[in-house]
Amino acid sequence: MTEQHETPGGVSGRALQKDIPQATVARLATYLRVLAMLADDGVAIVSSEELAVAAGVNSAKLRKDLSFLGPNGVRGVGYDVAKLRSRVEDVLGLSEGHRVVLVGAGNLGRALVGYRGFQRRGFTVVGMFDNHADVIGMSVAGLVVRDVAELALSVATLAPTIAVITVPDDAAQDVCDRLVESGLQSILSFAPCELVAPATVEVRRVDLAVEMQMLSFERVRNGEPAPLPEVVHAGSGRIARHLPHSDGNTAGTQTLGSPAYGNGAKQQGIGGHTMSERSERINQHGVGRTTVPNESEARA
């Protein structure tokens with residue numbers, strides 16, 4: 001196995017973090033996920049092209065992103081998966097792992113606590129809190145739900161580095177205030193409302209409804225119907241447009257400036273076929289492809 005170049009001078013991940021753009025940080029997290037899967041599959045060396053394809057980016061962007069970590073690969077050989085994974089983890093602050101507390105033992109909170117993927121990526125949920133008497137004392141994925149009134153005291157003993165909020169909007173700010181007072185400086189909130197926190201506290205918000213709205217927009221934009229094909233009728237000088245049938249085939253023709261055909265009348269098209277019959281023949285033989293009749297068809 002070819003050794004890779006180490007970062008010169010033993011520069012730590014923390015020293016490099018200030019120079020890395022936010023967009024690159026997001027992609028580094030994706031690269032780390034891919035590297036973890038490669039390591040699980042026993043892959044020792046990966047090329048920039050292979051890593052880029054797996055991460056869904058082009059290789060030039062990947063190499064630029066990884067350049068923020070210092071020299072890592074060997075030209076013509078690739079990247080050492082284990083070393084690059086360790087380097088990315090160091091820059092993302094994951095080398096020593098994180099202890100996480102979660103406030104809100106509802107359906108979402110319980111689902112997050114039960115997700116095993118956090119543990120594999122260095123995040124260990126060490127405490128879960130709520131204020132509802134029905135859930136306090138309940139066991140969720142090996143954790144006993146604690147009363148949120150004990151949050152400050154529990155934070156002192158659990159020593160978490162990250163907090164997650166999964167409570168309704170009207171309770172989110174109060175929970176955020178409690179976490180800040182308890183000394184938490186990194187908070188992830190699933191409440192759609194904006195939270196007010198000191199400048200020294202990093203709050204990231206995940207709004208699932210907004211994400212689905214973005215998907216809805218992309219679906220509409222990518223699914224815009226194609227314009228109706230235009231046909232010029234010989235001798236009429238008028239342009240007509242084929243009307244799509246409910247099954248997607250062309251069912252008839254409407255001339256601009258005249259009403260649509262809705263009385264069952266058939267319009268003769270090229271070759272003596274109605275437009276719907278011709279459309280069906282085109283669909284059978286391939287759209288836009290000219291078919292040559294065989295001998296029996298020619299005689300007919």
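Residues numbered from 1 in each chain as written. Predicted model: local features only at pLDDT ≥ 70, side-chain atom pairs only at ≥ 80, totals over all residues. Heavy atoms only, no water.

Peer 1: Help me out: how do you make sense of the sheet that holds strand β3 (residues 98-103) in this one?
Peer 2: Picture the strands of a sheet paired through backbone hydrogen bonds; they go either parallel or antiparallel. A sheet is described by the order of its strands in space; here six strands give the open sequence β7-β4-β3-β8-β9-β10, paired in parallel fashion. Both edges of this open sheet fall to β7 (146-147) and β10 (202-205), since each of them pairs with a single strand only. Of the pairings in the sheet, the one linking β3 to strand β4 (residues 123-130) comprises six bridges and is parallel in character. Looking at β4, one finds that V101 is bridged to G127. In the packing of helix α9 (residues 169-181) onto the sheet, the strands contacted are β3, β8 (162-165) and β9 (186-189), and the crossing angle to β8 comes to about 165°. (Pairing = 2+ DSSP bridges. Helix = DSSP H or I, 4+ residues; strand = E, 2+ residues; numbered from the N terminus. Contact = heavy atoms within 4.5 Å. Axes fitted to C-alpha atoms, helices over the stretch in contact; angles between N-to-C directions.)

Peer 1: Any chance you could explain the packing of aromatic side chains here in plain terms?
Peer 2: By convention here, two paired aromatic rings are described through the distance between centres and the angle between planes. In this structure the tally under the stated criterion is one aromatic pair. Considering the side-chain rings of Y115 and F118, the 4.8 Å spacing of their centres and the 90° angle between planes classify their relative orientation as edge-to-face. (Phe/Tyr/Trp six-rings, centres within 6.5 Å; stacked < 30°, edge-to-face > 60°.)

Peer 1: Please clarify how unusual backbone geometry should be interpreted in this entry.
Peer 2: As a rule of thumb, non-glycine residues mostly have phi less than zero, and peptide bonds are mostly trans rather than cis. One non-glycine residue, A141, lies in the positive phi region at around 50°. Among the structural elements, A141 can be located in the loop between β5 (139-140) and β6 (143-144). Unlike most non-glycine residues, A159 shows phi in positive territory, near 55°. Turning to its location among the elements, A159 is positioned in the loop between α8 (151-158) and β8. Owing to a relative accessible area of 44%, A159 belongs among the partly exposed residues under this scheme. (Buried < 20%, exposed > 50% of the residue type's maximum accessible area, 1.4 Å probe, protein only.)

Limitation: the analysis is restricted to geometry and does not speak to function.
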